[in-house]
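Below, each chain spelled out in residue letters.
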Amino acid sequence: MRRAGLGGVFHLMEIRNSVCPYDCPDCCGLRVHVEGGHATRVEGDPSHPFTRGTLCPKMAHYERTVHNDRRIQHPMRRTGKKGEGMFERISWDAAIEEIAARWKRIIAADGAEAILPYSYAGTMGIVQHGAGHAFFARLGASSLDRTICSPAKRAGYKAVMGDTRCAAPQEAQESDCIVLWGCSMLATDIHFRHDVEAARKKGARVLCIDTYETKTAQYADEFFCVKPGTDGAFALGVLHVLAREGLTDEAFIEAHVTGWEALKERRLPHYTPERAAAETGVPAAEIERFARLYGMARAPFIRTGSGYSRYAGGAAATRLIACLPAAVGAYARRGGGFLSSISGGKAFDRDIVHRPDLAKKGVRHINMCALGNVLTDARLAPRVRSLYVYASNPACTAPDQNRVLAGLSRGDLFTVVHERFLTDTARYADIVLPATSSLEHDDLYYSYGHYTVERARAVIPPVGESRSNWAVFCALAHAMGIKDAFFDQTADALVEALIASADRAWELPVDKARLAACEPVELPLPAGYKMDFLTPSGKIEIENPREEPALPDYIAPYGDAAAFALVSAPDMRILDSSFCEREELTREGTMVLMMHPADAARLALTDGVEVVCGNTRGAARFTLKCTPRVPAGRVVTEGVWWQALTKGGNVNRLTAQRLTDSGGGSTFYDVCVDVRAARCVWGRGDFAKNVETDKEGEDGYGRNPT
Ligand code: SF4
């Protein structure tokens with residue numbers, strides 16, 4: 001602690017540990033400078049074992065989000081039309097009373113299933129992320145299947161690997177061949193670069209598989225550019241070559257794999273490099289080259305992103321990718337393995353927060369990807385009469401946006417949004433509640449990209465009248481007459497109980513003293529954990545009789561009757577729709593559509609013109625950027641921008657509610673569009689005008705309702 005001068009007044013300045021709460025595999029350790037109850041500076045924690053003191057540009061000035069002028073400071077009631085964003089200030093007591101009164105009436109008329117919670121990963125801490133689970137379970141509300149991100153990847157991994165722990169990212173430092181598969185490392189997993197660089201210095205080659213030339217592809221030594229949604233076919237072609245050229249580890253397969261012979265006999269003959277080339281667009285010779293680089297490496301390491309799994313066959317593709325390290329015995333080699341998604345959350349008994357025992361039997365489940373249909377389908381019984389949104393912004397991030405907005409516009413839908421900013425969804429709310437940022441509440445964090453966990457205590461008081469998710473659900477429980485001591489606890493008490501649960505949840509002792517002191521703690525891994533195959537057979541299950549089909553096969557993307565495959569990639573300036581509040585990150589303009597120059601020439605489009613992309617679901621406008629980084633027949637846009645930053649809607653005007661083959665996952669990337677010149681130039685932020693124009697359906701792609 002030290003004193004800092006500020007205009008002649010001296011404040012105590014402290015540096016406190018915290019954790020980045022956003023939906024990112026890195027889960028960075030933070031050091032927050034606090035002065036006079038304000039966060040004045042945020043920097044990386046150099047003691048963090050994975051993130052090692054660096055942050056992405058978004059979080060390097062997190063204090064600008066926390067103390068942003070646009071923070072919602074108090075509860076509000078809607079005064080204008082839905083979507084207009086007009087509200088009046090009300091007290092917390094009035095807000096809670098009104099919500100409880102409306103819900104009691106809805107439950108009496110239609111039953112509790114007419115209430116639908118909607119949340120995702122706006123904050124990743126175990127307590128605040130899952131704060132509503134117990135409350136809504138106890139209420140008997142519809143249960144939300146939280147499937148918008150990567151459940152297909154999880155399902156595919158589980159089908160082959162069961163509960164086997166993924167390789168730690170640091171393991172890759174010892175690899176001689178690192179494959180970044182659909183992993184936009186320089187945008188979404190930036191700290192893994194440290195491990196990749198360490199391996200590279202020792203001579204490792206870095207291979208990248210993606211659908212266009214990302215910055216990560218440019219960074220890699222070799223780039224293999226697949227058609228969107230064809231990763232499973234690429235994996236099959238590579239497996240064919242590995243088998244044909246004797247590049248497999250037969251001793252490893254014999255001891256640790258089931259189903260290899262079946263795959264070899266029943267699938268691989270159909271996936272010659274030529275057939276795989278026809279599916280993927282990667283020349284057969286390049287597929288062979290990849291197979292040799294991978295198969296002849298001493299210890300190949302695959303790191304997958306999630307985008308490749310957001311297609312019709314996302315789970316099948318993951319199953320097929322998981323066959324590669326099994327075929328070459330990568331798990332047995334130091335530095336080799338497969339990093340799909342790490343489940344550091346297993347270190348704690350999360351049921352302490354989620355309380356699945358409170359769930360009423362037979363309550364219906366609603367897939368969050370289908371929100372548009374759920375809100376607009378009058379046949380649903382009971383119809384959803386109230387939507388409670390927290391840690392999510394579905395008006396912006398859910399697929400088939402026109403339908404979502406039509407649903408949110410319903411006059412008979414009572415919508416409550418608990419948020420830090422007046423997001424696209426909050427603009428449709430009847431009641432808006434101010435939410436704390438991660439610096440203002442207590443929580444416990446784990447990562448899905450590495451094995452470090454960390455506790456974070458509130459380091460500043462709540463901004464304005466904001467309250468944490470947990471505090472609001474406790475207040476709502478009381479208002480709804482739920483008498484259960486569970487809802488009398490503090491978030492910190494839940495964190496304590498979670499930390500205590502590590503004794504039974506994790507098989508090796510976790511350093512609870514460091515955890516209690518808000519220091520990053522690396523979860524200890526058993527020696528040989530990569531070879532501890534936690535499947536029913538104790539082996540890697542290429543063939544899994546509990547799956548349909550038992551033997552994985554390539555599933556082609558849905559596609560659409562339109563000319564271009566649309567890839568919606570991450571933008572480094574924002575994360576999902578978070579950080580759109582930050583003027584300095586978004587001011588350079590948004591909504592660029594990248595297209596190959598030959599396609600642009602064919603359509604008589606030039607660099608910098610306004611174009612409209614459309615399909616049967618809707619239309620969205622972009623500024624065209626001609627670049628050979630995008631192959632012909634594809635277009636790419638980066639980022640999911642708030643409506644106010646767009647020219648009449650973001651990329652989700654075009655995405656579909658269709659689900660993946662397994663896991664019920666989203667298929668955001670499985671989309672095709674037509675592209676043509678826009679008839680008028682749209683001003684940035686000129687939302688009202690844009691909506692009005694869209695209502696006229698002038699683009700001929702269907703209407704964008706307000
Ligand atoms: S968004 Fe990701 S990279 Fe950026 S600080 Fe948070 S965890 Fe780290």
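Residues numbered from 1 in each chain as written. Predicted model: local features only at pLDDT ≥ 70, side-chain atom pairs only at ≥ 80, totals over all residues. Heavy atoms only, no water.

### As for the pairing of strand β7 (residues 115-119)
Each regular strand shows side chains that alternate between the opposite faces of the sheet.
Stage number 1. The buried count for β7 comes to 5 of 5 residues, which makes it a mostly enclosed element.
Stage number 2. The two faces of β7 match: Ile 115, Pro 117 and Ser 119 on one face and Leu 116 and Tyr 118 on the other face are all buried.
Stage number 3. As defined by bridge partners, β7 adjoins strand β16 (residues 386-390) across 5 bridges and the pair is classed as parallel. Bridging from a neighbouring strand, Ile 115 pairs with Ser 386 of β16. (Buried < 20%, exposed > 50% of the residue type's maximum accessible area, 1.4 Å probe, protein only. Helix = DSSP H or I, 4+ residues; strand = E, 2+ residues; numbered from the N terminus. Pairing = 2+ DSSP bridges.)

### Examining the state of the cysteines
Stage number 1. In this structure the tally under the stated criterion is 0 disulfides.
Stage number 2. Cys 27 provides the cysteine sulfur closest to Cys 518, a residue in no disulfide bond, and the two sulfurs are 13 Å apart.
Stage number 3. Under the relative-accessibility criterion, Cys 518 is labelled buried at 9%. (Disulfide = S-S within 2.5 Å.)

### Some points on helix α2 (residues 92-110)
Stage number 1. Here α2 contains 19 residues, and its C-alpha end-to-end distance of 26 Å stays within 8% of the 27 Å for a straight helix at 1.5 Å per residue.
Stage number 2. Here α2 has its buried residues at Trp 92, Ala 95, Ile 96, Ile 99, Ala 100, Trp 103 and Ile 106. Down the axis of α2, the sector holding all buried residues measures 130°, keeping them to one side. Projecting away from the buried face of α2 at angles above 90 degrees are the exposed residues Asp 93, Glu 97, Arg 105, Ala 108 and Ala 109.
Stage number 3. Elements in contact with the buried residues of α2: β7, α4 (133-139), β16, β17 (414-419), β18 (431-434) and α19 (469-479).
Stage number 4. Downstream of α2 by one or two residues, Gly 111 has phi in the positive range, about 90°. (Expected span 1.5 Å × (residues − 1). Arc of directions from axis to C-beta. Contact = heavy atoms within 4.5 Å.)

### Concerning the side chain of His 240
Stage number 1. Here His 240 is to be found in helix α9 (residues 231-244).
Stage number 2. Sequence-distant contacts of His 240, that is, excluding residues within four places in its chain, are made with Leu 268, Pro 269, Tyr 271, Thr 272 and Pro 273.

### Some thoughts on the site of the ligand
Stage number 1. Looking at the ligand, the residues that line it are Cys 20, Cys 24, Asp 26, Cys 27, Cys 28, Leu 55, Cys 56, Met 59, His 191 and Leu 575.
Stage number 2. A breakdown of the residues in the shell around the ligand according to their chemical character gives 8 nonpolar, 1 polar and 1 charged. (Near = heavy atom within 4 Å. Nonpolar A, V, L, I, M, F, W, Y, C, P; charged D, E, K, R; others polar.)

Scope: geometric values only; no functional claims are made or implied.
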